[in-house]
Amino acid sequence: MAHLYIIDVFHEAYAEHYEKCVGSCHVSGKDCTEPCDHPFRGKMTFGCPGGRWQKSTETCASLDVQSLLQRISRPGYVINPYSTHSSASGARDGRVCSADFSCIIRDVLDAEPVAGNIVSIVTLLQSISSNVSTDVTVENLQGYSKMANHVLEGSTVPNWAFVSDKNASSILLESVISFAGKLRIGSSPPDVSDLFIATKGARIGKNTPEKSFTFSMGFNNSKSRLNGTVSLPREGLQRLPTDSPGIAVALPTLGPIIDKTLSKGLSVNGIVLSVALPKALKEVSLEFEKMNKTVSALCVAWHSALRKWEETACELEKDSAAVVTCRCQHQPALFQSFSILMSPVGVQHPALHFVTCVGLVISICSLVLCLAIEAAVWRQVTQTQISYMRHVCLVNIAASLLVADVLFIVAAFVNGRPRNHDGCVAATFFVHFFYLALFFWMLALGFLILYGLLFIFWHLRKSTLLAAAFSIGYGCPSAIALLTVMITEPRKGYLRDDACWLNWKETKALLAFVIPALLIIGVNLVVVLVVIAKSGRSSAGDRSKTQDLVTVIRVSKNLVLLTPLLGLTWGFGLAIVHDASLALHIVFSLLNAFQGFFILLFGTLLDRKTREGLRMKCFPSKPTNLAGKEKESRRGHEVKPGDTGGGRGRRHCPKEAPE
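If you're wondering where the values come from, they're calculated on a predicted model, not measured in any experiment.

What to know about the overall build of the chain
Here comes step 1: When helices and strands are tallied, the chain shows 18 helices and 19 strands.
Here comes step 2: Counting every position in the chain, which comprises 659 residues, the buried fraction comes to 47%.
Here comes step 3: Taking the intrachain contacts of the chain between residues at least 6 apart in sequence as the baseline, contacts between residues at least 24 apart amount to 68%.
Here comes step 4: Of the accessible surface of the chain, which amounts to about 32000 Å², a share of 61% is contributed by carbon and sulfur atoms.

Next up, the structure:
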């Protein structure tokens, strides 16, 4: 019985050990580690995003790199082509293993492409590339490509996310182009192709007409093909002093692999094309087929020293729906690999950038003018409780949007290189807070309009209304913004990699802005419908065509006045989720960037009482009937369609606002 007890204890301990990285966890806790399953050696590391254990990295490996390197480095090591067993006997019918790496290829291809084995194969390829002579044969290249193809397969791409050495993808790229660049090119141009790596070469010189290397390759283990072309311009070839080898390598899956290991924010949207060319050739022309054909492209070169995509090395020549043409610098020490990127956050276009910049400037100036006018006419336009609260909401809406726009510009400067992380966190927090405050003050204004329209005999004190409005306007945004940064920043998941704004890819922190904004837009849409219903009902007793026309105009005026103030234009942004066209993005940017101007126009300048108060301030000698109208407003209880500021008293049928 004792031995059974010992076995039970062993099983319990074993189960406890292997289940400690499963299920829920504490976000602030340390990482969890587990040993790899047999026959792999190494460990798996788990993080705690979202309160549940998720694998972050692993070093599980079965290959012994040193053993493989020693095998191909033995001069007498041969492989018998008629036998599955290699030997060191030096048999006549064998051939030297290092000629085509035959003695290690089977070991490499049989190794499961888990993260640890990926690193081992990359290390192996790097060592071979570093130690090989400058006279690589086609036979060498064929064996090398087979091993590289094993870690480039489409089914292997997800495993790269768990690679502990995040530079492994860059090392692989540099090793492949270094090895291919040592290829000996004779009279017959070499063409070595596997499923996920292809190499082509030719002799080039000043007498060579324009030369191009075209590739068509699969990229996702399906029948889909992805095309790419490297073109060597005639004017560049004429500057070559002697005939030289020119080599191009195509890697269709390396882009997604780099996205999972090194890329910061921008996703590769085409094949990766690498070249080994003479130093005298300073430029290359490249043509890429897009994977995602609904977005615009950004031409980039891989900076081998910084290990990142560099935009300044390339120029976009043509961007059609399916194909992109780029002209890029060729510098063997820095830029030898090229591709195209797409942005996950929208279309990149000079027209869109111009509209945004101009809109922000106009918006900021309009909001400053709006606040100045409100300060000048404050006493004249806040005579009643409803009008007072309406202008409190309007001032805070304008102030929140003004501060958010200014901080948005500040965040763009903080996001420079090198990026100030702490400054970027602070800028993002306050931009998030004030944009939320804008929406919640819009919500407070919507509730105020409902209070004036529906709750006719229910009176609240001004202090109660103010406390409720400020709690909604600033209390809710404070709670949401603080919780967002407290939950995501400890795991470095608060910021996006390419901008000072809320993260989306890893932690979905952006939902802390999107969800409240969409909910408030929905509530305020209901407010607009209620206002339309109340306005239409006020003339239900008169069926004349003139009265119907007045009703339509009044309803339209209400809709036009309330839409920009309540932020319904932001709902237009939902359309760009399904349509990435440039025109739709420009319309969305216009509606939102000019919102400050809309608030000035519809909230201030088109408000009758504000105009009369401003007229009285500017021309005090001219009498106005503002005081009489305020008295009349106090007697009329229902809010007028063109003006949400009205008093409380006995209910009267509203009069038409003067046009």
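A word on the state of the cysteines
Here comes step 1: Considering all chains together, one arrives at five disulfides under this definition.
Here comes step 2: The disulfide that involves C36 links it to C60, with 1.9 Å between the sulfurs. The chirality of the disulfide connecting C36 with C60 is left-handed, given an S-S dihedral of about -90 degrees. Placement of the pair is C36 in the loop between strand 1 (32–35) and strand 2 (43–47) and C60 in the loop between strand 3 (54–58) and helix 2 (65–73), with a sequence separation of 24 residues. Judged on exposure class, the residue C36 and its partner C60 are both buried.
Here comes step 3: For C299, the disulfide goes to C326, at an S-S distance of 2.0 Å. Since a negative S-S torsion denotes a left-handed disulfide, the C299-C326 link at about -70 degrees is left-handed.

Here we look at a nonpolar patch on the surface
Here comes step 1: Taken together, the side chains of L482, L483, M486 and I487 present a nonpolar region at the surface, about 400 Å² in accessible area.
Here comes step 2: Residue position: M486 is located in helix 12 (residues 462–488).

Overview of the pattern of salt bridges
Here comes step 1: The tally for this structure, following the rule as stated, stands at nine salt bridges.
Here comes step 2: Here E58 ties to K55 by a salt bridge, and the two come within 2.7 Å at their closest N and O atoms.
Here comes step 3: Here D107 ties to R71 by a salt bridge, and the two come within 3.0 Å at their closest N and O atoms. Pair noted here: D107 is in helix 3 (residues 102–110) and R71 is in helix 2, with a separation of 36 residues, a long-range link.
Here comes step 4: D107 gets classed as partly exposed once you look at its relative accessible area, which sits at 31%.
Here comes step 5: By sharing partners, the salt bridges in this structure join E283, E317 and R327 into a single network.

Looking at the packing of helix 10 (residues 385–414) against helix 12
Here comes step 1: At their nearest, the axes of helix 10 and helix 12 sit 11 Å apart, and the two run at 20 degrees to each other. Relative to helix 12, helix 10 is oriented roughly parallel. Handedness of the crossing formed by helix 10 with helix 12: right-handed. Packed against helix 10, whose contacting residues are Q385, Y388, M389, V392, N396 and S400, the element helix 12 presents K462, L465, L466, A469, F470 and Y474 at the interface.
Here comes step 2: Looking at the contact of helix 10 with helix 12, its residues break down into eight nonpolar, three polar and one charged.

Here's the deal with the packing of helix 2 against helix 4 (residues 115–131)
Here comes step 1: The contact between helix 2 and helix 4 brings their axes to 10 Å, and the two run at 30 degrees. Crossing handedness for the pair helix 2 and helix 4: right-handed. Residues V65, L68, L69 and I72 of helix 2 lie in contact with helix 4, whose contacting residues are S120, T123, L124, S127 and I128.
Here comes step 2: Across the contact of helix 2 with helix 4, the residue classes tally to six nonpolar, three polar and no charged.

With respect to the nonpolar core
Here comes step 1: In terms of nonpolar packing, the biggest core is built from 60 residues, with I397, Y435, W441, Y494, L502, F513 and I599 touching the most fellow members.
Here comes step 2: Of all the secondary-structure elements, those providing two or more residues to this core are helix 9 (350–381), helix 10, helix 11 (421–454), helix 12, helix 13 (511–537) and helix 16 (595–605).
Here comes step 3: Counting residues in hydrophobic clusters, the runner-up holds 54 residues, among them I72, I121, V163 and V300.

Details of helix 5 (residues 138–152)
Here comes step 1: Between its terminal C-alpha atoms helix 5 stretches 20 Å, which fits the 21 Å expected from 15 residues at 1.5 Å a residue.
Here comes step 2: When you tally the buried positions in helix 5, you get 11 out of 15 residues, the bulk of the element.
Here comes step 3: For helix 5, the full list of buried residues reads N140, L141, G143, Y144, S145, M147, A148, N149, H150, V151 and L152.

Here's the deal with the packing of aromatic side chains
Here comes step 1: Enumeration according to the criterion identifies 15 aromatic pairs in this entry.
Here comes step 2: Aromatic pair F433 and Y474: ring centres 6.3 Å apart, planes at 25 degrees, arrangement stacked. Placement of the pair is F433 in helix 11 and Y474 in helix 12, with a sequence separation of 41 residues.
Here comes step 3: Exposure remark for F433: the relative accessible area of 12% places this residue in the buried category.
Here comes step 4: Summarising the aromatic geometry, the rings of F598 and F602 are spaced 6.3 Å apart at their centres and angled 25 degrees between planes, so their arrangement reads as stacked. Here F598 and its partner F602 are both found in helix 16, four residues apart, which amounts to about one turn of the helix.
Here comes step 5: Take F598: its relative accessible area is 18%, and that puts it in the buried class.
Here comes step 6: Chaining the aromatic ring pairs together yields one cluster made of F433, F434, W441, F470 and Y474.
Here comes step 7: In this structure, K55 packs its charged tip against the face of F162, placed 4.5 Å from the ring centre.
Here comes step 8: Stacked on the ring of Y388, the Lys or Arg K462 has its end atom at 4.2 Å from the ring centre.

About the cut-offs
Residues numbered from 1 in each chain as written. Predicted model: local features only at pLDDT ≥ 70, side-chain atom pairs only at ≥ 80, totals over all residues. Heavy atoms only, no water. Helix = DSSP H or I, 4+ residues; strand = E, 2+ residues; numbered from the N terminus. Buried < 20%, exposed > 50% of the residue type's maximum accessible area, 1.4 Å probe, protein only. Contact = heavy atoms within 4.5 Å. Areas by Shrake-Rupley, 256 points an atom, 1.4 Å probe, with all protein chains shown as cover. Disulfide = S-S within 2.5 Å. Patch = residues over 30% accessible without salt bridge, like charges linked within 9 Å, V, L, I, M, F, W, Y side chains within 5 Å. Salt bridge = Lys/Arg side-chain N within 4 Å of Asp/Glu carboxyl O. Axes fitted to C-alpha atoms, helices over the stretch in contact; angles between N-to-C directions. Parallel < 35°, antiparallel > 145°, perpendicular 65-115°, else oblique. Left-handed = near helix turned anticlockwise from the far one by under 90°. Nonpolar A, V, L, I, M, F, W, Y, C, P; charged D, E, K, R; others polar. Core = buried A, V, L, I, M, F, W, Y, C linked by side-chain atoms within 4.5 Å. Expected span 1.5 Å × (residues − 1). Phe/Tyr/Trp six-rings, centres within 6.5 Å; stacked < 30°, edge-to-face > 60°. Lys NZ or Arg CZ within 6 Å of the ring centre and 35° of its normal.

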